[in-house]
Amino acid sequence: MAKKGKRFVKIYSQGLAPSIEIWVDKTTGVNYLFRSDGYAGGLSPLLDKDGKPVITPQSELEEL
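This section reports on the structure supplied with the text. This structure is a prediction, so every number in the text was calculated from the model and none was measured.

So, how was this worked out
Residues numbered from 1 in each chain as written. Predicted model: local features only at pLDDT ≥ 70, side-chain atom pairs only at ≥ 80, totals over all residues. Heavy atoms only, no water. Helix = DSSP H or I, 4+ residues; strand = E, 2+ residues; numbered from the N terminus. Buried < 20%, exposed > 50% of the residue type's maximum accessible area, 1.4 Å probe, protein only. Contact = heavy atoms within 4.5 Å. Areas by Shrake-Rupley, 256 points an atom, 1.4 Å probe, with all protein chains shown as cover. Lys, Arg positive; Asp, Glu negative; His and termini not counted. Charge placed at Lys NZ, Arg CZ, Asp CG, Glu CD. Pairing = 2+ DSSP bridges. Axes fitted to C-alpha atoms, helices over the stretch in contact; angles between N-to-C directions.

1. Topic: the overall build of the protein
No. 1: A tally of regular secondary structure across the protein gives one helix and four strands.
No. 2: Across its three principal directions, the C-alpha atoms of the protein cover 35 × 30 × 15 Å.
No. 3: Here the protein, with 64 residues, has 19% of them falling under the buried criterion.
No. 4: Taking as baseline every contact in the protein between residues at least 6 positions apart, the subset at least 24 positions apart corresponds to 24%.
No. 5: Of the roughly 5000 Å² of accessible surface on the protein, a fraction of 57% belongs to carbon and sulfur atoms.
No. 6: Once the 9 positive and 8 negative side-chain charges of the protein are each reduced to a mean point, those two points are 6 Å apart.

2. Remarks on the sheet that holds strand β4 (residues 40–45)
No. 1: The antiparallel open sheet is built from four strands, whose spatial order is β1-β2-β3-β4. The sheet is open, and its two edges are formed by β1 (8–14) and β4, each paired on a single side. Averaged over all pairs of adjacent strands, the angle between their axes in this sheet comes to 20°, without regard to strand direction.

3. Comments concerning the pairing of strand β3 (residues 31–37)
In the case of a regular strand, side chains alternate between the two sheet surfaces.
No. 1: Direction of pairing for strand β2 (residues 19–25) relative to β3: antiparallel, over a ladder of six bridges. Residue pairing for β3: isoleucine 22 is matched across the bridge by leucine 33.
No. 2: Linking two consecutive strands that pair antiparallel, namely β2 and β3, is a turn of five residues; a positive phi of about 85° is found at glycine 29 within it.

4. Overview of the environment of leucine 46
No. 1: By the secondary structure assignment, leucine 46 is in the loop between β4 and α1 (58–61).
No. 2: For leucine 46, a relative accessible area of 22% puts it in the partly exposed group.
No. 3: Spatially, the C-alpha atom of leucine 46 lies 5.4 Å from that of leucine 33, the residues being 13 residues apart in sequence.
No. 4: Beyond its immediate sequence surroundings of up to four residues, leucine 46 is in contact with Ile22, Asn31, Tyr32, Leu33, Lys52, Pro53 and Val54.

So this is what it looks like as structure tokens:
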């Protein structure tokens with residue numbers, strides 16, 4: 001279980017404006033893609049080539 005207040009952790013960042021980030025939910029392992037440009041932004045589950053959510057294994061979550 002994730003520590004209180006530390007459920008999401010940013011594992012990747014590219015660019016400033018616009019920017020792309022990947023966030024991981026430490027409770028579920030689901031990866032999310034966040035894209036922002038100016039005052040606009042969007043969040044979506046990160047999907048693999050089969051259209052399934054990318055999930056970080058529990059063993060890797062403990063290192064985050």
